[in-house]
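# Report on the structure
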Amino acid sequence: QVQLVESGGGVHQAGGFLRLSCAASGRGFSSYVMGWFRQTPGQEREFVGGIIWGGGSIFYQDSRKGRFAITRDDAKNTAYLQMNNLKPEDTAVYLCAASDKVTMLANEYIYWGQGTQVTVSS
């Protein structure tokens, strides 16, 4: 089974830069799509971006293009979410997840990490 562990959250100032990590392990993880989501209390879980691991293709929610970026390090089995020019509205719990589909829908992701809290101060 795929295991996912997020890290890199914390308190940051608006305008700053942050890179979150999602370390993957377990059998067959490279066959999955890895997605990043964020969620605030009482809100729907929001897709941020994803990577098709085997092919290296990246896809984003349109509103995130230009400020967020997804990269990977195959040697470390890790996907990254880079967030530039942080805004207070970026404050959320960020989660990584794995799906056997190329999808932006949270309910189509099979495996989930525990999440990491990002707080952006104005």
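Heads up: these notes are all about the structure in this document.

Rules used throughout
Residues numbered from 1 in each chain as written. Predicted model: local features only at pLDDT ≥ 70, side-chain atom pairs only at ≥ 80, totals over all residues. Heavy atoms only, no water. Pairing = 2+ DSSP bridges. Helix = DSSP H or I, 4+ residues; strand = E, 2+ residues; numbered from the N terminus. Axes fitted to C-alpha atoms, helices over the stretch in contact; angles between N-to-C directions. Buried < 20%, exposed > 50% of the residue type's maximum accessible area, 1.4 Å probe, protein only. Polar contact = N/O pair within 3.5 Å; in protein donor to acceptor, adjacent residues only side chain to side chain. Disulfide = S-S within 2.5 Å. Phe/Tyr/Trp six-rings, centres within 6.5 Å; stacked < 30°, edge-to-face > 60°. Lys NZ or Arg CZ within 6 Å of the ring centre and 35° of its normal.

The next point concerns the sheet that holds strand β7 (residues 68-73). If you trace the 4 strands from one edge of the open sheet to the other, you get β1-β3-β8-β7, paired in antiparallel fashion. The sheet is open, and its two borders are formed by β1 (3-7) and β7, each paired with just one other strand. The sheet shows a mean angle of 20° between the axes of neighbouring strands, taken without regard to direction. Alignment of β1 against strand β3 (residues 18-25), held across 5 bridges, turns out to be antiparallel. Residue Leu4 lies in a different strand from β3, and its bridge partner there is Ala24.

This part is about the pairing of strand β5 (residues 46-52). With 5 of 7 residues buried, β5 lies mostly within the body of the structure. Both strand β4 (residues 33-39) and β5 contribute to a ladder of 6 bridges, which runs antiparallel. Residue pairing across strands places Val33 opposite Ile52, the latter belonging to β5. A loop of 6 residues connects β4 with β5, the two strands running antiparallel in sequence, and Gly42 in this loop sits at a positive phi of about 80°. Here β5 folds back onto strand β6 (residues 57-60) in antiparallel fashion, the turn holding 4 residues, of which Gly56 has a positive phi close to 75°.

Relative to the assigned elements, Arg45 resides in the loop between β4 and β5. There is a polar contact of 2.9 Å between the side chain of Arg45 and the side chain of Gln39.

The final tally for this structure, using the stated rule, is 1 disulfide. Across a sulfur-sulfur distance of 2.1 Å, Cys22 and Cys96 are joined as a disulfide pair. On the S-S bond that ties Cys22 to Cys96, the torsion sits near 70°, and the link is right-handed. In this pair, Cys22 is assigned in strand β3 and Cys96 in strand β9 (residues 92-99), connecting sequence segments 74 residues apart.

What follows covers unusual backbone geometry. You will see that Asn77, though not glycine, has its phi angle at about 50°, which is positive. Unusually for a residue other than glycine, Asn85 sits at a positive phi of about 50°. In this fold, Asn85 is placed in the loop between β8 (78-83) and β9. The exposure class of Asn85 is partly exposed, given its relative accessible area of 38%.

Moving on, we come to the packing of aromatic side chains. Summed over the entire model, instances satisfying the criterion amount to 6 aromatic pairs. Look at Phe37 and Tyr109: their rings are 5.0 Å apart centre to centre, the planes differ by 80°, and that puts the pair in the edge-to-face class. On the criterion of sequence distance, the pair formed by Phe37 in strand β4 and Tyr109 in the loop between β9 and β10 (111-112) is long-range, its members being 72 residues apart. Note on Tyr109: relative accessible area 6%, which makes it buried. Relative to Trp112, the ring of Phe37 lies with its centre 5.0 Å away and its plane at 50°, an arrangement referred to as tilted. Highlighted residues: Phe37 in strand β4 and Trp112 in strand β10, separated in sequence by 75 residues. Taking relative accessible area as the criterion, Phe37 reaches 0% and is therefore assigned buried. Lying across the ring of Tyr80, Arg19 places its NZ or CZ 4.1 Å from the centre. Here the basic side chain of Arg72 rests over the ring of Trp53, its NZ or CZ set 5.4 Å away from the ring centre.

By themselves, these figures tell us nothing about what the structure is for.
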